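# Structure assessment
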Amino acid sequence: ATSPEGSGTPTGSSSPSARAQDAAPEANPPSAPQESAAPTILVVIDKPTQEMKVFIDGVERYTWEVSTGLRGYDTPSGKYTARSMNEIWYSKQWDDAPMPHAIFFTKKGHAVHGTTEIKHLGKPASHGCVRLAPENAGILFALVKEKGLENTEIVLSGDAPKTEAKVASAGT
């Protein structure tokens with residue numbers, strides 16, 4: 001059998017190797033039950049409240065203030081798997097601005113990173129990235145380094161609070 005799209009990709013136990021694995025006795029019984037599809041680290045960023053919650057293995061461990069994108073420099077909403085990380089990075093787009101403990105989550109270069117502009121945390125202030133206090137960025141960076149990029153999901157939702165009246169436009 002192939003996938004419903006007809007791509008020819010084997011599914012289920014249709015391949016000979018999968019059937020052989022099904023028939024083989026289980027050498028190592030499974031350890032503690034855990035959903036393999038669930039990320040180990042879940043980072044949830046609520047743009048209306050400018051707040052980040054960090055869950056580890058389904059348990060909320062941290063809540064931090066953030067700054068997301070200013071009007072015209074929107075931080076994208078959606079679900080992302082962390083793509084890459086750098087202990088220190090300098091923005092090639094924004095005058096070599098330092099981005100300590102950067103965890104990149106989009107192909108366009110959006111990242112969660114530390115900032116020295118802590119007085120702006122709790123309100124939109126960036127060019128699209130998610131800014132954190134330096135110590136919190138360091139904690140998150142260490143967690144992702146330990147658990148792995150592939151086990152880190154970043155979810156951004158809502159619209160950033162508006163500081164001035166704005167007429168709704170298509171696509172926002």
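These numbers were taken from a predicted model, which means no experiment stands behind them.

## A look at the overall build of the chain
Helix and strand counts for the chain come out as 2 helices and 9 strands. The linear arrangement of helices and strands in the chain, starting from the amino end, is α-β-β-β-β-β-β-β-β-α-β. For the chain, buried positions account for 33% of its 172 residues. Residue pairs in contact within the chain that sit at least 24 positions apart in sequence constitute 56% of those at least 6 positions apart. Surface summary for the chain: the accessible area is close to 10,800 Å², and the carbon and sulfur share equals 53%.

## Quick word on the pairing of strand β3 (residues 59–65)
Inspection of the sheet shows strand β2 (residues 51–56) paired to β3 by 6 bridges, in the antiparallel sense. Within the sheet, the bridge partner assigned to Val54 lies in β3 and is Tyr62. Here β2 folds back onto β3 in antiparallel fashion, the turn holding 2 residues, of which Asp57 has a positive phi close to 50 degrees.

## Brief notes about the confidence of the model for the chain
Of all residues in the chain, 67% attain a pLDDT of 70 or more, and the chain-wide mean is 78. The secondary structure element of the chain with the lowest average pLDDT is helix α1 (residues 16–23), at 41, and the one with the highest is β2, at 98. Between residues 1–35, whose pLDDT stays under 50, and residues either more than four places distant or in other chains, the model counts 15 contacts. Taken together, the stretch residues 164–169 has pLDDT below 50 and engages in 3 contacts with residues farther than four places along the chain or on a different chain.

## Digging into the nonpolar core
Core analysis: the biggest nonpolar cluster contains 22 residues, and Ile45, Met52, Val112, Leu140 and Ile154 have the highest contact counts within it. When contributions to this core are tallied by element, the ones reaching two or more residues are β1 (41–46), β2, β8 (130–132), α2 (134–147) and β9 (152–157). Sort the elements by how many residues they give to this core and α2 lands first, with 5 residues. If near-sequence neighbours (up to four positions away) are discounted, Ile154 is found in contact with Val43, Ile45, Gly78, Lys79, Tyr80, Ala82, Ile103, Phe105 and Val112. By size, the runner-up hydrophobic cluster in this structure holds 5 residues, among which are Met99, Phe104, Ala111 and Cys129.

Criteria and thresholds
- Residues numbered from 1 in each chain as written.
- Predicted model: local features only at pLDDT ≥ 70, side-chain atom pairs only at ≥ 80, totals over all residues.
- Heavy atoms only, no water.
- Helix = DSSP H or I, 4+ residues; strand = E, 2+ residues; numbered from the N terminus.
- Buried < 20%, exposed > 50% of the residue type's maximum accessible area, 1.4 Å probe, protein only.
- Contact = heavy atoms within 4.5 Å.
- Areas by Shrake-Rupley, 256 points an atom, 1.4 Å probe, with all protein chains shown as cover.
- Pairing = 2+ DSSP bridges.
- pLDDT = per-residue confidence, 0-100.
- Core = buried A, V, L, I, M, F, W, Y, C linked by side-chain atoms within 4.5 Å.

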